[in-house]
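Chain by chain, the residues run as shown.
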Amino acid sequence: MRLTSFTDFGLRTLMRLAGDPDQSFTTEAIAEEFAISRHHLTKVVSNLASAGFIVTQRGAGGGFRLARPAKSITLGAIVRSLESREALVECFRPDGGTCVLTPICRLKGRLAAAREAFLKELDATTLAECAYPA
């Protein structure tokens, strides 16, 4: 399974926050540290905040930090949240896609089982275990 850059950036950001949970970070600081697009990271941070993984504070001295302890956040929960916009394959889309094999496909069930096994493995790992060393 290939994760999107959106999810990659989200995981990196959360790992960094977990490494120094008492500090607030800015989008600019994280983007510079990891050499990633600040514009793209802004969208990621907004999504992480909407999902309840981080809290944000605007204004002077503002930034963002983890909303709860890293040991209470699993990698599976993060990936499920950030990848919810992307279907693994076309037939997994909410509208079912347009694959002509759908009525007789023998692959979809196996792909669904593989996806669940992947996420189950990530559910067994907390963000604290992957915290970026400060």
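Computed from a predicted structure; not experimentally measured.

Engineer: An account of the overall build of the protein chain is needed here, citing residue identities and associated values.
Structural biologist: Assigned secondary structure in the protein chain consists of 5 helices and 2 strands. If you list the helices and strands of the protein chain from N to C, you get α-α-α-β-β-α-α. By principal-axis analysis of the C-alpha atoms, the protein chain measures approximately 55 × 30 × 25 Å. For the protein chain, the proportion of its 134 residues judged to be buried stands at 31%. Within the protein chain, contacts between residues at least 6 apart in sequence are counted, and of these 65% link residues at least 24 apart. Accessible area of the protein chain: about 8,200 Å², with a carbon and sulfur share of 53%.

Engineer: An account of the pairing of strand 1 (residues 54-57) is requested, with residue identities and associated values reported.
Structural biologist: When strand 1 meets strand 2 (residues 63-66), the two strands line up antiparallel, connected through 4 bridges. In the strand pairing of strand 2, Q57 is matched with G63. Linkage of strand 1 to strand 2, two consecutive antiparallel strands, is achieved through a turn of 5 residues, within which G59 is found at a positive phi near 90°.

Engineer: Tell me about helix 4 (residues 75-82), residues and numbers included.
Structural biologist: All buried positions along helix 4 are accounted for by L75, G76, I78, V79 and L82. The buried residues of helix 4 all sit within an arc of 160° when viewed along its axis, so they share a single face. Contacts made by the buried residues of helix 4 are with helix 1 (5-19), helix 3 (38-50) and helix 5 (108-123).

Engineer: Which residues make up helix 2 (residues 27-34), and what values do they have?
Structural biologist: By the burial criterion, the buried members of helix 2 are T27, I30, A31 and F34. For helix 2, the arc enclosing every buried residue in end-on projection is 100°, short of the 170-degree limit, so these residues lie on one face. For helix 2, the exposed residues lying more than 90 degrees away from the buried face are E28 and E32. Looking one or two residues beyond helix 2, the residue adopting positive phi is A35, at roughly 50°.

Engineer: Mind laying out the side chain of T125, listing which residues take part and the relevant values?
Structural biologist: Mapped onto the secondary structure, T125 falls in the segment after helix 5. Those residues in contact with T125, other than ones at most four positions away along the chain, are I73, T74, L75 and C130.

Engineer: Talk me through the pattern of salt bridges; I want residue IDs and the actual numbers.
Structural biologist: Under the counting rule described, the total for this entry stands at 4 salt bridges. Between R16 and E33 there is a salt bridge, and its shortest N-O distance comes to 3.0 Å. Note that R16 is positioned in helix 1 and E33 in helix 2, a separation of 17 residues in sequence.

Procedures and definitions
- Residues numbered from 1 in each chain as written.
- Predicted model: local features only at pLDDT ≥ 70, side-chain atom pairs only at ≥ 80, totals over all residues.
- Heavy atoms only, no water.
- Helix = DSSP H or I, 4+ residues; strand = E, 2+ residues; numbered from the N terminus.
- Buried < 20%, exposed > 50% of the residue type's maximum accessible area, 1.4 Å probe, protein only.
- Contact = heavy atoms within 4.5 Å.
- Areas by Shrake-Rupley, 256 points an atom, 1.4 Å probe, with all protein chains shown as cover.
- Pairing = 2+ DSSP bridges.
- Arc of directions from axis to C-beta.
- Salt bridge = Lys/Arg side-chain N within 4 Å of Asp/Glu carboxyl O.

Shape is all these values report; function is a separate question.
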